[in-house]
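If you want the building blocks of each chain, they are given just below.
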Amino acid sequence: MDENIAEAIVAAPEADASDAVDAETFRVKMTTRNVNVHYAEKHALRDVTLDIGEREVTALIGPSGCGKSTYLRCLNRMNDTIDICRVTGRLELDGQDIYDDSVDVVQLRASIGMVFQKPNPFPKSIFDNVAYGPRIHGLVSDRADLDQLVEQSLRKAGLFDEVKDRLGDPGTSLSGGQQQRLCIARAIAVGPEVILMDEPCSSLDPIATARIEELIDELRQNYTIVIVTHSMQQAARVSQKTAFFHLGDLIEQGETPQIFTNPRDEKTQGYITGRFG
Amino acid sequence: MTDSAQSVLIAGQKEKVRRGLDRRLRSERRFRAYGIVAIVLAILMLLFLVGTIVSNGYSAFTQTWIKVDVLLDEELIAPDGETDPETLREDGDFRGALIETLVADYKPEGRAQEDLLVAMFSTEAEWTLQRHVIANPDLIGRKITIWVKSSSDIDQLTKGAVRRDSPESGRKLKDLQLRWYDRMTAENRIETRFNSGFFSSGDSREPEQAGIWGAIVGSFLTMLVTLVLAFPVGLAAAVYLEEFAPKNRLTDLIEVNVNNLAAVPSIVFGLLGLAVFLNFFELPRSAPLVGGMVLALMTLPTIIISGRASLLAVPPSVREAALGLGASRMQVVSHHVLPLAMPGILTGTIIGMARALGETAPLLMIGMVAFIVDIPGGPTDASTVMPVQIYLWADSPERGFVEKTSGAVMVLLVFLIVMNASAVYLRKKFERRW
């Protein structure tokens, strides 16, 4: 398994060069300090302190139930919808506390988009799926602008050429990979700064997965991306930073190549070499 | 262990399995047989029920008419020589004209025989004649031929429900009437026609004049009130409880009580309506308004429960997708969850309404059991509803009401089938897959 990972890193030689550039211009987009999450009595996340860099991909890895998805859902306050969930600690977007009373959660989620594990297009047309966000936020004033925005979003998600002749078809008629790209286009259409992805490829076949990974790499130019993944190869392929979670603790974080080639913690070592997982 | 010993062992195991297999297959066959027997029994009972109703009731849709020649005697119909509708309606003695002609034709001896002759015709006959003459006043003074309704007894005789061979004292139709009837039949004066009056008139003491239209209109108005009250309230309650309400002791208590209300006997709702709507708020008795309110109370729990179940069935991924895009909770509900849940909610509502349509007990408590001839014009007019009409007719002693009862049951069943079919249709039509 670690051979594959090493291959993946070698296969992306420009990663090192761009990392060097990033190191100079590195800017923190989101900071989280001592984040704790409780589900009723269960302490799901303990004292997580992590910085998420702007315009780079941060991968969250770890065995099932380690809290990585919980952490991701704190970043756009999706946990608010769960009655028994309690979040403490400080989470900031561009220095602004996102759990502050003055922050409108609707506006927050417009700046921090989310793509889910299972593709979940609305049972509406492809066009309406993408247009939904701009419509509810009132981003466009007339139909021509909306058409343009939908086209742009679909193009950015690499889906436009495949669906341009059937924008009226239901979004659910697409294949799994196309549905997931539609969901990405839908998130992009609102104009977010950060995109959270919760295991976006876990229900896709390898070809569709490769397509999404390429897309993530392209999107990195314009967006800050946080991705939860079960696949270490995927983390190695798409991310610049990696954070390893285990049983609710953030064990280790750092540059992706360093995590995979020279982990400091033996739990990380154990996980990436497949001793547990 | 030698090979042969092992093969013996294997053969022994196979034998065990085979015997067990026989037992398992037998129990499966037995179970299937029970199932088939149950289905056959159910179908037989249903056929028996429907067969009884139809064989009793199909004759309610026909009616016997008698052809009479009437001399429109000016002396009786227009004694002042005036033929405008008002005067004819006020002063015209159409009954007299009819009897005069009948007496001349059939020559009854004495007053008693004359009464027997008149009793062969519906009391509605003179109104049929009156309408005809008012529409054609130039017929006055001439002899016309007109079809009028027979009495219910003659109707039953035509339909074969009366035995001629029983002793005369034991039947309503006397020998003389039977002779006149036979003469009319010989002269082709008897005809069986579609009973349109059954679908266009209200209740009556005379079976041949009784119709179900008043009850249909009453049922419609009652259902309208029920729907207008129960659907919005039930829908809003279901949405609030399922999507917005915090999960705590209070909402748990509400949920338990809603579920319990669905199981409360309907007559209890009738008592409630009597105490609250009639006695306290002094709303009109026997009115579809109050009936609809009572049935709305009864239907509410059904709508809330089915509504919540449909909302719960909407996959959470749709909610998450919309929330993740920054939709407010209200937008999530109104744009995504409600449209997806609507077919289920509508199905639950229609089934609840169908139950309300067939409900009798609570309406008895608020006075909708009265004998009402007029077709109700609005929700505050006294009226009755179909199941109560059936109950009233089933209670009437006249032979003619037996077929009316079954006929009304058939009409009610048609309404229920149409409602349930539309529920199925709506569910199929608006069901969306994801």
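Residues numbered from 1 in each chain as written. Chains lettered and ligands numbered in written order. Predicted model: local features only at pLDDT ≥ 70, side-chain atom pairs only at ≥ 80, totals over all residues. Heavy atoms only, no water.

Undergrad: Any chance you could break down the overall build of chain A for me, citing the residues and the numbers?
TA: Each helix and strand in chain A was counted, giving 12 helices and 10 strands. Taken against the 2.2 N^0.38 rule, which gives 19 Å for 277 residues, the C-alpha radius of gyration of chain A at 19 Å falls within 12% of a compact globule. Across its three principal directions, the C-alpha atoms of chain A cover 55 × 45 × 35 Å. Taking all 277 residues of chain A together, the buried fraction comes to 54%. Considering only residue pairs separated by 6 or more positions, chain A has 67% of its internal contacts joining residues 24 or more positions apart. Element-wise, carbon and sulfur atoms account for 47% of the exposed surface of chain A, whose accessible area totals about 11,900 Å². Of note, chain A has its 29 positive side-chain charges centred 4 Å away from the centre of its 43 negative side-chain charges. (Helix = DSSP H or I, 4+ residues; strand = E, 2+ residues; numbered from the N terminus. Rg over C-alpha atoms; globule rule 2.2 N^0.38 Å. Buried < 20%, exposed > 50% of the residue type's maximum accessible area, 1.4 Å probe, protein only. Contact = heavy atoms within 4.5 Å. Areas by Shrake-Rupley, 256 points an atom, 1.4 Å probe, with all protein chains shown as cover. Lys, Arg positive; Asp, Glu negative; His and termini not counted. Charge placed at Lys NZ, Arg CZ, Asp CG, Glu CD.)

Undergrad: Summarise the environment of Ile112(A); cite the residues concerned and give the values.
TA: Along the chain, Ile112(A) turns up in strand S6 (residues 112-115). Note: C-alpha distance between Ile112(A) and Asn34(A) (78 residues apart in sequence) is 21 Å. Excluding residues that lie within four positions of it along the chain, Ile112(A) makes contacts with Met30(A), Leu75(A), Asn76(A), Leu93(A), Pro192(A), Val194(A), Leu196(A) and Gly324(B).

Undergrad: An account of the domain arrangement of chain B is needed here, citing residue identities and associated values.
TA: Under the domain assignment, chain B is made up of domain 1 (3-58), domain 2 (62-203) and domain 3 (213-430). For domain 1 of chain B versus domain 2 of chain B, the separation of C-alpha centres amounts to 64 Å. (Domains from an automatic or database assignment.)

Undergrad: Which residues make up the pairing of strand S2 (residues 42-53) of chain A, and what are the values?
TA: Residues and elements named next belong to chain A. Of the pairings in the sheet, the one linking strand S1 (residues 28-39) to S2 comprises 8 bridges and is antiparallel in character. Residue pairing across strands places threonine 31 opposite aspartate 51, the latter belonging to S2. Here S1 folds back onto S2 in antiparallel fashion, the turn holding 2 residues, of which alanine 40 has a positive phi close to 50°. (Pairing = 2+ DSSP bridges.)

Undergrad: Before we move on, can you summarise the environment of Ser328(B) with the specific residues and values?
TA: Note that Ser328(B) resides in the loop between helix H13 (316-324) and helix H14 (329-357). Along the sequence, Ser328(B) and Ile216(B) sit 112 residues apart, while their C-alpha atoms lie 45 Å from each other.

Undergrad: Tell me what's going on with the interface of chain A and chain B, and back it up with residues and numbers.
TA: With 22 residues of chain A at the interface, the matching set in chain B holds 19 residues. Put simply, chain A and chain B have 1 salt bridge between them. Note that Arg73(A) and Glu320(B) form a salt bridge whose closest N and O atoms lie 2.8 Å from each other. One can count 5 residue pairs in polar contact (both at pLDDT 80 or more) joining chain A with chain B. Residue classes in the side of chain A that touches chain B are distributed as 11 nonpolar, 6 polar and 5 charged. (Salt bridge = Lys/Arg side-chain N within 4 Å of Asp/Glu carboxyl O. Polar contact = N/O pair within 3.5 Å; in protein donor to acceptor, adjacent residues only side chain to side chain. Nonpolar A, V, L, I, M, F, W, Y, C, P; charged D, E, K, R; others polar.)

Undergrad: Can you lay out the environment of Leu45(A) for me, pointing to particular residues and giving the numbers?
TA: Note that Leu45(A) resides in strand S2. A sequence separation of 200 residues divides Leu45(A) from Phe245(A), and the C-alpha atoms of the two residues are 9.3 Å apart.

Undergrad: Hey, could you go over a positive patch on the surface for me, with residue numbers and the actual values?
TA: Residues and elements named next belong to chain B. Together, Arg23, Arg24, Arg26, Arg29 and Arg30 make up a region of like positive charge exposed at the surface. Tracing the backbone shows arginine 26 in helix H1 (residues 3-57). Classification of arginine 26 by relative accessible area gives partly exposed; the value is 44%. (Patch = residues over 30% accessible without salt bridge, like charges linked within 9 Å, V, L, I, M, F, W, Y side chains within 5 Å.)

Undergrad: Go over the nonpolar core with me, naming the residues and quoting the values.
TA: In terms of nonpolar packing, the biggest core is built from 53 residues, with Leu60(A), Tyr71(A), Leu75(A) and Phe245(A) touching the most fellow members. Of all the elements, H14(B) adds the most residues to this core, at 7 residues. Sequence-distant contacts of Leu75(A), that is, excluding residues within four places in its chain, are made with Met30(A), Thr32(A), Ile52(A), Leu91(A), Ile98(A), Leu108(A), Ile112(A), Leu196(A) and Val226(A). Membership of the second largest hydrophobic core comes to 42 residues, among which are Ala157(A), Cys201(A), Ala208(A) and Phe260(A). (Core = buried A, V, L, I, M, F, W, Y, C linked by side-chain atoms within 4.5 Å.)

Undergrad: Just give me the short version of helix H6 (residues 125-135) of chain B, but keep the residues and values in it.
TA: Taken as a whole, H6(B) has its buried residues at Ala125(B), Glu126(B), Thr128(B), Leu129(B), Gln130(B), Val133(B) and Ile134(B). Elements in contact with the buried residues of H6(B): strand S1 (62-71), helix H2 (74-77), helix H3 (85-91), helix H4 (94-106) and strand S2 (143-149) of chain B.

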